[in-house]
Structures are given as C-alpha cells and as structure tokens.
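The lines below spell out each chain.
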Amino acid sequence: MTDDKDVLRDVWFGRIPTCFTLYQDEITEREAEPYYLLLPRISYLTLVTDKVKKHFQKVMRQEEINEIWFEYEGTPLKWHYPIGLLFDLHASNTALPWNITVHFKNFPEKDLLHCHSKDVIEAHFMACIKEADALKHKSQVINEMQKKDHKQLWMGLQNDKFEQFWAINRKLMEYPPEDNGFRYIPFRIYQATTERPFIQKLFRPIASGGQLHTLGDLLKDVCPSAITPEGVSYLGFSRTFPAAQPCGVAFDCSSHAPSVPA
Amino acid sequence: MAMSSSLLWAVDIFGRVYTLSTVGQHWELCKDTQLEFKRVSAVKQCCWGIACDHQVYTYVFSGDVPIRYQEETYENQRWNPVGGFCEKLLPSDRWQWSDVSGLKHQQLDSFTLPSPHWEWESDWYVDENIGGEPTEKGGWTYAIDFPSTYTKDKKWNSCVRRRRWIRYRRYKSRDIWAKIVSRDDPDQLPDPFNDISIGGWEITDEPLGRLSVWAVSLQGRVWYRENVCHHNPEGSMWSLITTPGEVVQISCGPYDLLWATLWEGQAIVREGIDRNNPQGISWSIVESPSSENGIMHVSVGVDVVWCVTKDRKVWFRRGVNSHNPCGTSWIEMVGDMMMVNVGLNNQVWGIGCDDRAIYFRQGVTPSELSGKTWKAIVCGRESDRSQTGSSTSLLSAGCFFTDDIQNQTNAVIPGDADTSSDTDLPSIPTYLANTPPMGAAASGSGSSAGNQTAEICANLTVDPLDSDQGEANVASTGNKKSHLESLKSTNPNPSAELQWTNIDLKEAQKHPVLSVSTFAETSSLSSLGMFSVGTEEQYGADEHPLWAWVSGGGCLVDLHSPLKWFTVSSGLSSSVQSLSLSITPAQTAAWRKQIFQQLSERTKRELENFRHYEQAVEQSVWVKTGMLQWWRNWKPHKWMDVRVALEQFTGSDGMRDSILFVYYMYHEEKKYIHVFLNEVTIIVDVLNEAKHSFALYTPERTKQRWPIRLAATTEQEMNDWLSLLNMSCCESRRIQGPPSHHAIWSVTCKGDIFVSEPSPELEAGPHLMPCDQMFWRQVGGHLRLIECNNQGIVWGIGYDHTAWVYTGGYGGGFIQGLASSADNIYTQSDVKCVYIYENQRWNPVTGYSSRGLPTDRYMWSDASGLQECTKVNTKPPSPQWTWVSDWYIDFSTSGGTDREGWQYAADFPASYHGHKTMKDFVRRRRWARKCKIVTSGPWLEVPPVTLWDISIIPSSDAVDEESVALWAISDKGDVLCRLGVTQQNPAGTSWLHVGTDQPFISISIGAFYQVWAVARDGSAFYRGSVSPKKPAGDCWYHIPSPQKQKLKQVSVGRTSVFVLDKNGNLWYRQGITPSYPQGSTWDYVSNNIRKMSVGPLDQVWVIADKVQGSHSLSCGTVCHRTGVQPMEPKGLSWDYGIGGGWEHITVRGNATEASRVAMQDTSEENSAVSKDLEENESKGRAEHSKTPLMVSESQDLDRSAVNC
C-alpha cells in the first residue's frame, strides 16, 4: 500500500546521475578528471555542486577561476530552475549519466543570473515559496510562520533533510477541509523556448459548478497545444511529480488532480 | 458506515412533509404519507405535527432499541395456620394485589394499554430478583407484617409475603404519524389545534428524553402536554395554560425559552420555566418592533428570539438570556420572510415571502448569533429523481414485498376519539407511497405478470379532473402531463394569494380531498400512485417546491458540517455527481498506487546503475532546537526555562535514531540531561490548564513514576514537538502504519488514545517482558472507552456516549502530515461536563448562606474543596475545549439532591444526602457546564444509539467472512447485540435488542460465546445459549454477587470470568465448566482495581487505583497480572506499567502466544539496541560528540541527571 509519505519520499529522493566535465577551453595545470555525482532533483545546481567546484579548482590556476556556470549541449543551464526540471526540459531523451559541462569563464550574462552566494539561492527559493503561498492561501500560511520556520524549510532543502523540510512544508500544503482545495493551484508549465520560458495562470482547483478540476482541465485551459488526441504530449511533468518545489510543477497530485488524461 | 446526520423537516404548500438530511442533497418525502400537515415541530428523536384535520400527531423514529415500559404490581399473601400462605388477608391488610406501597389496588387485569400505539411484549411474570439477589422460586419475599422490610428468607415469624409481577408494554407506532388520542373528559378536551412547538429537553438531563410539548388551539388557547418523555412519547394529557390574550402561534426552545404571539400583535414570554416547573409560572408581554405591524410569527432557540411582523419583516431580539427571557430590543434584519424557525445551535431557517423557498441563515455562531446572510436551499426532491432511474424503482419495488409494507399496514391505527377524520381509511394511504415504484417496476420487467399488473394499473386510473377518461387507460406520460397542466392552470400561482395563517393550505386541500375521497371509492392502488407521479412532474427541475413550514429543531448544523444544500445537481444523474464531487477512497488509492509505481520506475531507470555515485549532499545531523520549560527534578520542583535540542543521526545500518537534550542551569553551571528516543516508552500530553505540557517516560521513569515533563508556550509549539518526538520514537523503533490486530489499546483520563504492539514475550516465554517496557503511541481522537478483538475490530465510546468504530487509519489529532494516514481520518468531537461545587453553611440568623466559617472550604470549589472554582474563573480542561452550555445545576449527583439541587451534611467533608435533617449544618450543590472538543482521528460515528459499554468476541481462529459477535449496553441500560459485524464492515448493520428486567451497566463476551453482564443494581447475569446461529441467546441466569458486593464490571476471556465490584475488588469465577458455564463461586483476587480487561489468552490486565513509585505515586496505572497459567488462572502478582492518569485498557486483541509466533517482532532488537546505548551512555559523551552540533557546549555531563 503506497501512502502519501512514500510518494513524497520518492519525489524527494529523486536523483539524477550526472557526469561533470570541464569545458575543453578552460586552462588547467593538469588534466581534469570528470566528476560523478547524484544530484537531487528538487535542489538547485549551484546549491549542490560545491564538490564539483572544488574538484575542478584543484587543477586550475587561481587567476583563471571566475564564477562557475554549467552548460548542456550548448545550452547554459539556469541554476534557478530545479535540477529535475532542467534535466526533463533539456536532457530527458539522452542516455544517463547526464553530461554537464563546467565553465569558469565567459559567463553568459544574457542567459543566466549571477549566483555569488547561497543567500541568492535562498532568496530565490523563498520568493518561490511565497509566491506559491500567495496563490494557495493568500500568503496567510507563510506570513504566519516564524523566521525560524522559513529557515528550517531552507535548511531542509539545503541539507537534503526530508523530515526537516516537510515538518514545515506540510503546513503550506494544507487547507481547511471546508475549502476543498487551495485558492489557486501554483504551477508553471515550462517550455524549452526562449521567448516564453513558462506559462503561468491563475487556476482554481474547483470549477464553478463544484467539480474538481483535473490536470487535463488545466492543460486544456492553459496549454491546449499540449493535448493531442492520444493524450498529453511530453511536457516534463510526467517526470517531475509533485515536487517539493511549489514553484516548479507542484501539484499535490493525490488530492487535487483526480485523474490524469490517458 | 453511516455518518452522523440529522434532519430538517418541512411542509410544502400541499401539506406534504419532507425531510432533508444534513449530509443529503435531496428532500425526501416522509415515509408516512397518509396525512397532509399544516405544522410540524421536530427534535432529534421525533416530530410532532398538526394535520389538516387539526389533530395532533407524533412521529417517532424507529430504531433498533424499542421503547418499552415496565408495569408492575405486587401480590400480597398472609400466613394462616390452616392453609399456610394464602390469598386471605386480614381486613386491615392491603389488597391482595396492590402497588408497592400497598395503598393502591392494582389487579393484573386492571392494566390496560394507554393507547392503540402500544402492545404487550409478553404476559405477566414474577420478578425473582430482589435488590440484586436471586430469590427462591416464586419470587416471594417475607416479612413479619405489612408494611415492613422484606427479606428473601422465610423465617419462623414471617407472617406475610409478597412478590412482584412485571409486564412490559412496547410502543409500536414508530416511523408513522401516530394520532395523539385524548382520554380526557370530553368537556375538557381542547378544541382543534392550530399550532404546535416542542422543545425543553435541555431543561434538565433527567429524566432522560423529557420533552415540552406546547400547542395552540383554534380558539387561541395554549395547552401543555403532560409527561412526554422517552418511554411515554405521547404524553398523558393536555393542561390548559391561561394566557393574557388570544394566542395564534407558539415557539419553545431547547432550554427554558418559550415565546408566543398574540392575535393583537404582541409577543408573550413565559417566565419561571425550570426543572421543577417546566410549564412556567407567568407571562410577560413584549411589544412588536413596529407599531403599525404586529408580530405574526416568533421562533426561539437556546438564547435567541427571531420574529416576523405582519409586513414580513424579520427581526432579531437582542439581550435574551436565561435571566432575561424577554431580551432588550429588536433589530431589523434583511429579508422578507413568511416565517422563521430557530433550530439546534441557534441556527435559523426561513421561508421566503416571494419565492416560498427555504432559506438557511449562514454564519450563525455563538459570537454572532444573528448570522450573516440568507442562503436559499436549492435541493431537489428525492421523488423527482427516483422516477427517472429505473434501477431505483426496481429496488423499491422489491421492498414492496418485504415486511416494510407490513409494518405500515399494522401501524395505521385510527384514533378512537375522532371519527370524523377522513384519514381513517387504513388501506388506502398505505399503498400510496409504494405504488409508483411498483408500477414502474412492473412495466419495466417485461414479464407477463408484470405486464398484467401494469395493465391493471392503467385500467384503474380514473382521474376525475381529466375530461378524456378513455385515454387515461393508456398510461402515457404525455397524457399525465397534459392533465397536470390543466390542473395547474386551474390553480393560480399559489404564492400570490397566500396569507400567513393556514390559508395557504387551501390549495392543498383540493388535492388531498380529491385524492382521498375519489380514490377511496374506487379503492384503486394505482390511481393514487399515478396521481402522485403526476404531481411530482408538475414541479420539474426548473420549478422549485413551494414551502409552507420548516422546523430545524432536530437539525444539527455547526461549523464542521459542510452542507450540500446550496448547489443544484445541474442535470447530472446523482451517481455521476457524487463521483465528481468526492473522490472515493478506492480511486485515491488506485491513483496513489499509479503515481507510486511511476515514481518507482523512474527511480529504477535513473538510479539503478548509478548507485555507486557520490551523493551531492552528505547526510548530516539536523537538530530541532527550541526553548521549553522543564519541571526540574530537584526540590523545590518548579518549571524552569531550558533549551531543548533533538538530534537525529543515521546509523551504519541505515537506522535512524534520535536523542533529546535538555540544557539547563544548575547553580550557574551549564548542565544537561538527555534521553534516547528509542528508549522512550510514551510521550503523553499532560492535563494542565496553565501550561501546554507533556511528559516523556522511559521504563526507568515509569518505575519512578517521575517522567521528564516539558512545557511549551503555545499549543502549536507543543504539538510540533509532540508530533516530531512521536515520529522519531516510531522511526527508531521501526513502527509505521496502522496498529496491528493484536494491538493493546488504552485511554487516559484526558480521553487520549494510546496503542501498543504486544511482543510475544508479553504473555509467555522464559523471559517475560515487563510491561513498563511497552511502547505506546498515540492515535487521534477522544474516547472514554475502547474495546477490540483480535481481528482488528475496534469500537470506542465517547464521553457523550457516542459510539465510534475504528477505520483502520492512524494519526489524526496533533499527529499530522507524515505520521498520519491520509485516508480514514475524520473529524471527531466529544462533549463532557466540568463540575464545580457551591458550598454553604447554616447560621442561626440567615439560615444557609455563602458566608462560611474561616476554616471552611471555598464557597465555590472543586469536589475536594481544596481548589477555589468559581463560575467565572473555571476554564475548560484545555484550550482544545470550548464551552457549549452555560452553568446549570446538576441534579444527578450521587447521594441525591433536593429540588434545588442541594445535598446536605453535618460538616465538610462528609457524606452528603439529598434531604435536610436537624443535624445538617452545611450543604453543597454541583454545577455542571458542558464543553466540547473537536479533533480528528481514525474513527467514524455509529449512530444513532448512544452506548455505555461494549464487548467484542475474541475469536481463536479468525474466519474472515463470519460475522463477529458484538454486545453493547446503551446509555439507558438496554442490552444490545450488533448484527452484521465483519472484518470488512466492522460497524455492523443494526442492533438487536435483548430484553432485561432492569438497566445493565457492563457486558462481556468470551471466546466461546459466554456472555456475562452486570446490572445497575450490582448483580451479575449469564446469558444462556448464545451461539453464531442464535446471536442473542435465550435467557438470563441471575448469578449471586460475591459476598453481597455490588458489581460494576465483568470481563470474560477465553474461559476465565472476572468481575470487579464497586469497592475496587477483583473476583475470579471458580468452577466454570463447559457443561456448567455459570460456575459455582467467586474467588477473591485483588483490591485496588478500577477497571480490568481479560484477554483471549485469559491474560488479566487492569487499571490499578494507586501505585507507589520510587519518586511519586500514580493513580490510574496499567498493571499486568503475572503468573497466569491454565492451572493458575488467578495469577500470582502484579507487574506495573504506564500510569498514572489511565482510565481504560483492552487486551482483547492480543492472542499472540510466544510459542506460536516466530520472533518477527523487533522488540528484542530494540532491547539489544537500547542496551548498547546504555553502554554508550556510560562511556559518556564521546560517542555522540561526532555530531557536530553539540561539541562546543555543556561539556559538563551531569551524571545524576542522565541516570535518573
């Protein structure tokens, strides 16, 4: 019997085996070995790559080291997207491990945000959480939390502590039973295009007639092109299930989307 | 499994009575449709109404427990030297047949049934039980002379004897409208009735089920119905209550509020209603809010009054309470209403003036009694849809041939006082309700018999209004429609000309008169049926019903009941709609499974070949820290601020473990104590008004009776800690998911529920596990008592006597999120009383007064007198509880009270009695106030019978399909047997009543269907011949109590029978054999016992009254009888477990014997682990200092603190 906890755990402990290689044009003192790592799907690249950074810095001269950034097959990887999302968006069809190229030079200012410290990631993460709660509870839950709760959420993510994270996050995922659901479902549908990276709309979990909306309804509404006669074309969320990240594709699938289109 | 629901009653403008369930979405036609009604007034258990014949009827719901009344009379005899005892008495003696006092002549044949609604249960028989003791055959008791004290033994000087004869009568007219038959003097008979209102059941708890029934006659006189109560649902007679004017309408609240309206437009308010005088004393007059428009309708609740003036404006009365029933002023509310009705919880319904729809007042709360807005109830009628679905029709057609109809036929009892009534045609109305489904089924069946019936139906259709009678033979729907349209066109829009009085029934009378008179002559079943089909169609989906009256007196709506009354089905069939509105558990489960599978596949795909890769984030310890208060362990004991940290680490075996540190200052030195969570046996929150505190026990601390007590500043903070610590405990012991079938359940005095998984060594084996090592985890909910068996069937009873069945979930309450199952957790509520005492001392000047001696207790105190408890400063037990009533005098205190609730004694503290004597200088009375908790847990209500005790058979070999014997005692003392209980349906289907001659208080069923019970008089009974085939057995055998002790509890295991008496002594029944199941004698086992549970291994567990630990004393402690062997069923000594504060335990699930079960349990591992950790502990901090977060601080280990 699967239980919520099992699902949440599986989501949380989703890992992508990754092979980091240094970009060929980077100047090194000796040859840089590739570095292999299991990346948590729900985390951020710059949050979990300290080891990668250390590994490659060992073979480089100090003056050659600028801000680290990552690229996959020519596409700079946005650190502010969850890792699972990046993988599903750009690399889901490739063989594992996922080959990521590491750069220390020529930061692509146009494509990426700078990430000078983990505070930046934390700020981004908390902004996402707050945005999601604004949609879910008019920000009531997040505003009622104390600073230490916010910290616990962040520390839970940073240290990959499932219980620590969910002890707080469950409060963000609850709603009064009489409400039948959140005010709006926080979601984003990401696309691999640059002109409109994601679709986001206000979407209520319950129709005006009282029926629960399904995932299919949502897609029909916000992204009709995704629905083909056979079902839903690939969108990535079939992989990143109710991620802990409310800013990602965050459905509490068990309680809000009673049926997936075939 | 039925959810708790209640009904809103309403009458449409045609006089048809409908009910709407709080969990339903459709109005259902009242089962008994023979009459049209003008008015109804409902409470939970019944409804009273005035039919169009202006007679009063009562509709008592059927239930599994019969309404029965015991008649008794005494047979008296005197001894004479010639014939011995004989019927010849002395002239000065009482009658040969008399009442108990001997003053009233009562022969057996002088007893008659009070009304046609009663029947005799059996013939007269002799009662052979006197004061809890069985008498000789014949039931005679002897005395020297009348009147005297009687003994069961015949002595040399016994000159007279008597015996008691009893006979039961049973109320049979349930689920139908029973006419209130007047046996009064015809001159005194009230004239035809015009309005009725019932309530007043809360004026006092005792006697149970008492009801105030008030009626207004057409001449404007007010009548009060005497003696209406549970076992006398009709009452006995009408009493005239004089009024200052002609009354047109009356309203009676659940408590002491009673208002009526006068013809002139004022309201009158009854004053002086109380327990001793439910009729009240006098009237006060309240003027109408507007001078031009008088009051035309008034309705009252607990402490609210609403009225409607003649211009249809709605008003709310301010300032109404029990001290001032008249209130202070009127406030005008929005909306134009025909009438308003205040129901339970002060909720309000109204009938709109223009649309005749029923409106519900939303937002009525204790803090906002006038509510927020009117919201229209838009439910359709059940009959609207039942005609569309053929399956439903077939179903009901099937019912037609069951006893259903039999009941109704039998049940129609014409009133004998009124012969003019046109409703006294039993056969006709009976079929009315059943005909349409039959017709539908028959035509749908296609069988020749069915077709025949259909033809007959069609041929019999004679519609007096239809000009084209010939075509009526073809029962086509089009025809019916056209007929109905014509009917409709002859009736102008009813609301246009309707007046506020009963003129609105003018329309209705056309229908019923036609239907009854015309069709009665033809005696046609079907014509009535067709007719009713037609009328339903008249109001299709788009045309809502027009209502004339609504009563919410039995309808319980509170914040926690989501109503589905306000959305229309919008053409969807009901089944589809219910699907779309709520996802079934099965769907959710299937869904989860699918998601889980997909995730597992993903994990496999992405991770399987790469497990050797390094993790990006290393596992590290995380700590929850916080500031709490700690009940320090040196004297003087008090709360001190401490810093608390929980550290969690994953061992090399992948097992998680946690340590809780408490850092404190001792003489300006930093010190700490710590506890390994895998050693914690229970975390229990502690009842404390001022603090949110909880206690942690380990086996050692259980022995000491001295837990680690911690307190948080807010409830939320405490719950966070409780939840986290509980989760960590369960994790370190690898306990997950719902309790097993063998689980031991217990309940604390706070109503908290704990469950423990028994290890096989608990009951047998070379190394018996001490019961202080048992690990208890909490399950959500609030219960007074819990009982289970070894098939996972678990029932509980709340403090409010509500029965609950376990759903198979876990968690709930504060245990939320991950440690709680997602399914099977429901809202649960419970109500209990808080008591305080008012104490007074007598002085020669003023008599009793609240001026006591300086040495006296507080004039307002708790039961002990040590704590001052005033009405104002007494708070609910914890912040989870809220008051739901005001303070009221409790008359049910043991020892009895006088009319004002006082109990007298010579001095404090002493034994109190209910009447004043010369020697009494002090008195006290008990005040009660109800409070309510709303929580959640894996429990579903089993309505409607409220219970006192339960017992479920422990079965030695579990056969899945077989139904499980479950016996119970209702809170009125009825013995009940639950039918249809299986593992799949643990709630069962219905109760079977088992007759007894007196109320019972305890019941238990053993593994071989041995049913033992204890009666309220303290005597024991054995039920003979109970078996799966004969679930209720045949008769009771009276078993004499041990040494004249009054018994209070019985528990039967596999073969052992134990009873507990009211003085806390435990007794074992000796001499039980298969051929002599009653046994022979009682053997004394132990004293100091509060409650006990004997399990399927004949193991004996109790709640001991007092247990002394090394540091402290605990009251209410779980204890296990050791040394219980087949040859030594009484055992040898006690082993002490968790406590104090425990109220109840059941071990009836635990049939796990060490020899039979492999060592799959983890307890051995656990004890091994804990041993390791003990060693670690002795090695000091070294082992744990690898955890990075505790290196810098508290280097000084307080050894004594750690060791304690």
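In this text, all values refer to a predicted model and were calculated from it rather than measured experimentally. (Residues numbered from 1 in each chain as written. Chains lettered and ligands numbered in written order. Predicted model: local features only at pLDDT ≥ 70, side-chain atom pairs only at ≥ 80, totals over all residues. Heavy atoms only, no water.)

## Structural notes on the overall build of chain A
Basically, it comes down to this: What counts as a helix is a DSSP run of H or I of at least four residues, what counts as a strand is a run of E of at least two, and both are numbered from the N terminus. Residue exposure (1.4 Å probe, protein chains only): buried if accessible area is under 20% of the type maximum, exposed if over 50%, otherwise partly exposed. Exposure was quantified through the Shrake-Rupley algorithm and a 1.4 Å probe, taking into account, for residues, occlusion by the shown protein chains and nothing else.
Scanning chain A from N- to C-terminus turns up 10 helices and nine strands. Out of the 262 residues in chain A, the part that is buried amounts to 57%. Element-wise, carbon and sulfur atoms account for 50% of the exposed surface of chain A, whose accessible area totals about 11,700 Å².

## Considering the overall build of chain B
The test is simple: Residue contacts are counted whenever heavy atoms from the two residues lie within 4.5 Å of one another.
Broken down by element type, chain B carries 16 helices and 72 strands. Partitioning the contacts of chain B with sequence separation of at least 6, the portion at a separation of at least 24 is 58%. When the accessible area of chain B is evaluated, it comes to approximately 52,100 Å², of which 52% is carbon and sulfur surface.

## Observations concerning the nonpolar core
Applicable threshold: Residues grouped as a nonpolar core are buried Ala, Val, Leu, Ile, Met, Phe, Trp, Tyr and Cys residues, joined through side-chain atoms within 4.5 Å.
Judged by nonpolar contacts, the single largest core of 54 residues is most densely connected at F20(A), F70(A), W98(A), V102(A), F125(A) and L157(A). When residues no more than four places from it in sequence are discounted, the contact partners of V102(A) are F20(A), T21(A), L22(A), Y23(A), E26(A), V52(A), F56(A), I68(A), W69(A) and F70(A).

## Digging into the pairing of strand β19 (residues 222-225) of chain B
Moving residue by residue along a regular strand, the side chains alternate between the two faces of the sheet. All names here are of chain B. This is how it is decided: Only strands that DSSP links by at least two bridges are regarded as paired with each other.
What you see with β19 is no split at all: V222 and Y224 on one side and W223 and R225 on the other are buried throughout. Strand direction decides the pairing type here: strand β18 (residues 212-217) and β19, joined by four bridges, are antiparallel. Residue pairing in the sheet places W214 in a bridge with Y224 of β19. Connecting β18 to the antiparallel partner β19 that follows it, the hairpin turn spans four residues, and G220 within it adopts a positive phi of roughly 85°. As defined by bridge partners, β19 adjoins strand β20 (residues 238-241) across four bridges and the pair is classed as antiparallel.

## A few points about empty space enclosed by the protein
Residue and element names in this part refer to chain B. For clarity, the threshold we go by: A cavity here means a set of 1 Å grid points, computed over protein atoms only, where a 1.4 Å probe fits but cannot escape. A pocket is an open set with protein on both sides within 12 Å along at least 5 of 7 lines, and lining residues have an atom within 4 Å of a point. Grid points are joined across faces, edges and corners, and a volume is the space filled by probe spheres set on the points.
Under the definition given, this model contains 17 cavities of 30 Å³ or more. Of the volumes computed, that of the largest cavity is approximately 200 Å³. Lining the largest cavity we find 27 residues, and of these S41, S197, C252, N341 and V342 sit closest to its centre. Listed by contribution, the elements that provide at least two residues to the lining of the largest cavity are β4 (37-42), β17 (193-199), β21 (247-252), β25 (295-300), β28 (329-342) and β33 (547-551).

## Here's the deal with the side chain of S1086(B)
All names here are of chain B. In plain terms, the rule: Pairs of N or O atoms within 3.5 Å make up the polar contacts considered here, provided that, within protein, one atom can donate a hydrogen while the other can accept it, and that residues adjacent in sequence are counted only when both atoms are side-chain atoms.
Of note, S1086 is situated in strand β67 (residues 1081-1086). Here S1086 falls in the buried class, since its relative accessible area comes to 9%. A distance of 3.2 Å separates the side chain of S1086 from the side chain of W1134, its partner in a polar contact. In this view, S1086 contacts G1064, N1065, L1066 and W1134; residues no more than four positions away in its chain are not counted.

## Quick look at the side chain of T18(A)
Tracing the backbone through its elements, the reader meets T18(A) in strand β1 (residues 15-22). Residue T18(A) is classed as buried on the basis of its relative accessible area, which comes to 0%. Reaching out from T18(A), the side chain makes a polar contact with the backbone oxygen of I16(A) at a distance of 2.9 Å. Excluding anything up to four places from it in sequence, T18(A) contacts Y35(A), Y36(A), L37(A), L39(A), P97(A), W98(A), I100(A) and Y613(B).

## Some details on the packing of aromatic side chains
Residue and element names in this part refer to chain A. We apply this condition: Two aromatic rings from Phe, Tyr or Trp, using only the six-membered ring of Trp, form a pair when their centres are within 6.5 Å; if the ring planes differ by under 30 degrees the pair is stacked, by over 60 it is edge-to-face, and anything between is tilted.
Counting across every chain of the model gives 61 aromatic pairs over all chains. Plain terms: the ring middles of F87 and W98 are 5.2 Å apart, the flat faces sit at 70° to each other, and that makes the pair edge-to-face. Note that F87 is positioned in helix α4 (residues 83-90) and W98 in strand β5 (residues 98-103), a separation of 11 residues in sequence. Taken individually, F87 and W98 each receive the classification buried, so the pair is uniform in this respect.

## Quick look at the packing of helix α5 (residues 118-137) of chain A against helix α7 (residues 147-158) of chain A
All names here are of chain A. The criterion, for reference: Interaxial angle, 0 to 180 degrees, is taken between N-to-C directions of lines fitted to C-alpha atoms, where a helix line uses only the stretch in contact. Handedness of a crossing is defined here by the sense of rotation of the near helix relative to the far one, left-handed for an anticlockwise turn of less than a right angle and right-handed for a clockwise turn. Nonpolar residues are Ala, Val, Leu, Ile, Met, Phe, Trp, Tyr, Cys and Pro. Charged residues are Asp, Glu, Lys and Arg, and all others, Gly as well, are polar.
Contact geometry for α5 and α7: axes closest at 11 Å, N-to-C directions at 115°. Between α5 and α7 lies a crossing of right-handed hand. On α7, the residues that touch K118, I121, E122, F125, M126, I129 and K130 of α5 are H150, K151, L153, W154, L157 and Q158. Of the residues belonging to the contact of α5 with α7, the class tally is seven nonpolar, two polar and four charged.

## Quick look at the sheet that holds strand β47 (residues 803-806) of chain B
Residues and elements named next belong to chain B. Taken in spatial order, the four strands line up as β45-β46-β47-β55 in an open sheet, and their pairing is antiparallel. The open sheet has two free edges, formed respectively by β45 (785-788) and β55 (939-941), since each of these has just one partner strand. The sheet shows a mean angle of 25° between the axes of neighbouring strands, taken without regard to direction. Two strands pair when backbone bridges link them, and β47 and β55 are joined in this way by three bridges, in the antiparallel orientation.

## Describing the pairing of β18(B)
Residue and element names in this part refer to chain B. Among the six residues in β18, six count as buried, and that is most of the element. Here β18 shows two buried faces, one formed by S212, W214 and V216 and the other by V213, A215 and S217. For β17 and β18, the ladder comprises six bridges, and the chain directions are antiparallel. Within β18, the residue paired with D195 across the bridge is V216.

## Description of the sheet that holds strand β72 (residues 1142-1146) of chain B
All names here are of chain B. Within the open sheet, the four strands sit side by side as β44-β43-β42-β72. Their pairing is antiparallel. Looking at strand neighbours, the two that pair on one side only are β44 (776-779) and β72, the edges of this open sheet. Pairs of neighbouring strands in the sheet enclose a mean axial angle of 30°, with direction left out of account.

## Some words on α4(A)
Counting buried residues in α4(A) gives seven out of eight residues, a clear majority hidden from the surface. Along α4(A), the positions that sit buried rather than exposed are I83(A), G84(A), L85(A), L86(A), F87(A), D88(A) and L89(A).

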